Amino acid sequence: MITLFQITGSSSFAAHAALECAGAEYEVVNVHPQRRDEAPGFADTNPLKRVPALRDGDVCVSETGAVLMWIADRFPDAHLAPPVGHPARADHYRWITWCANTLHVGWWPVMVPRAYTPEESAWPAMEAQGREAMTRHGQHLERWLQSHEWLAGDHPGVSDIYVYMIAGWGSYYEDLQIGGDAVADHYARVGALPGVARARERDDLDERLKRYHPDLRGGQPL
Ligand SMILES: N[C@@H](CCC(=O)N[C@@H](CS)C(=O)NCC(=O)O)C(=O)O
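The structure presented is a predicted model; accordingly, all values stated were derived computationally and were not measured.

Draft legend 1. Spatial organisation of the domain arrangement of the protein. When cut into domains, the protein gives domain 1 (2-78 + 199-221) and domain 2 (88-192). Every contact between the two is made by 19 residues of domain 1 and, on the other side, 17 residues of domain 2. Together, Met69, Arg208 and Leu209 form the three largest contributors to the area buried by domain 1 at its contact with domain 2, with a combined 31%. Across the domain 1-domain 2 interface, the total number found is 2 salt bridges. A salt bridge links Arg89 to Asp73, with the shortest nitrogen-to-oxygen separation between them at 3.1 Å. Taken together, the connections running from domain 1 to domain 2 amount to 8 residue pairs in polar contact (both at pLDDT 80 or more). Of all the elements in the fold, those that place two or more residues in the side of domain 1 that touches domain 2 are helix H1 (13-22) and helix H3 (64-74). If you tally residues by element for the side of domain 1 that touches domain 2, the top one is H3, at 6 residues.

Shown next, in the form of structure tokens:
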């Protein structure tokens, strides 16, 4: 049995959506963000106590990109990644890695500048630089999606789901859009996948990835 440790509406959403798209049998353990020690098995699965973390038999996987690649390889019939050796496999590796090392972390100066410095006066400049960087990353994505339906190969895959989640967080900011029409169309295509729609519902998220109940995680008050 696969166990996904998650915090609803957080970075674990992509893993949840990938498991749904894969048709996997799995259970979720809802981790309370402020009481992470209470989730049985969580610290053993990811000593950093960050989500997503996945246990698959004796295997423990954490880090969003790694979890997504694990799920894609574990369920090859779901075509969530081009096969090993296929030229599009290179795009799969590239986009997953880019999401993990650029797009995902690109949000942090915008969302949590205080994590970088306690100097409150520096936060606005940090946020402004972060927004500029996110705009550039959106342009990079836009260029690729202007000529590609999916990020890697002919099927929607885990790299599409990762980008969907990270670009979707742009809806928290009315004045910051990631990419242009091609990214928006891709967002709509990925969001319409039945597995993604089911995960959204289970994570209590609307179509813009906003929480219906911002003060709840896994049904529990924050
Ligand atoms: N690099 C990690 C980041 C995941 C992450 O930031 N998870 C958040 C929830 S959105 C978390 O658990 N943060 C707690 C912490 O960093 O201590 C990944 O890609 O999985």
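Draft legend 2. Fine view of the packing of aromatic side chains. One pass over the structure, following the stated rule, counts 7 aromatic pairs. Joined through ring pairs, the aromatic side chains of Phe13, Tyr164 and Tyr187 make up one cluster. One cation-aromatic arrangement involves Arg94 over Trp144; the distance from NZ or CZ to the ring centre is 4.6 Å. The cationic tip of Arg189 hangs over the ring face of Trp150; the distance from NZ or CZ to the ring centre is 5.5 Å.

Rules and cut-offs
Residues numbered from 1 in each chain as written. Predicted model: local features only at pLDDT ≥ 70, side-chain atom pairs only at ≥ 80, totals over all residues. Heavy atoms only, no water. Domains from an automatic or database assignment. Contact = heavy atoms within 4.5 Å. Buried area = accessible area lost by both parts, 1.4 Å probe. Salt bridge = Lys/Arg side-chain N within 4 Å of Asp/Glu carboxyl O. Polar contact = N/O pair within 3.5 Å; in protein donor to acceptor, adjacent residues only side chain to side chain. Helix = DSSP H or I, 4+ residues; strand = E, 2+ residues; numbered from the N terminus. Phe/Tyr/Trp six-rings, centres within 6.5 Å; stacked < 30°, edge-to-face > 60°. Lys NZ or Arg CZ within 6 Å of the ring centre and 35° of its normal.

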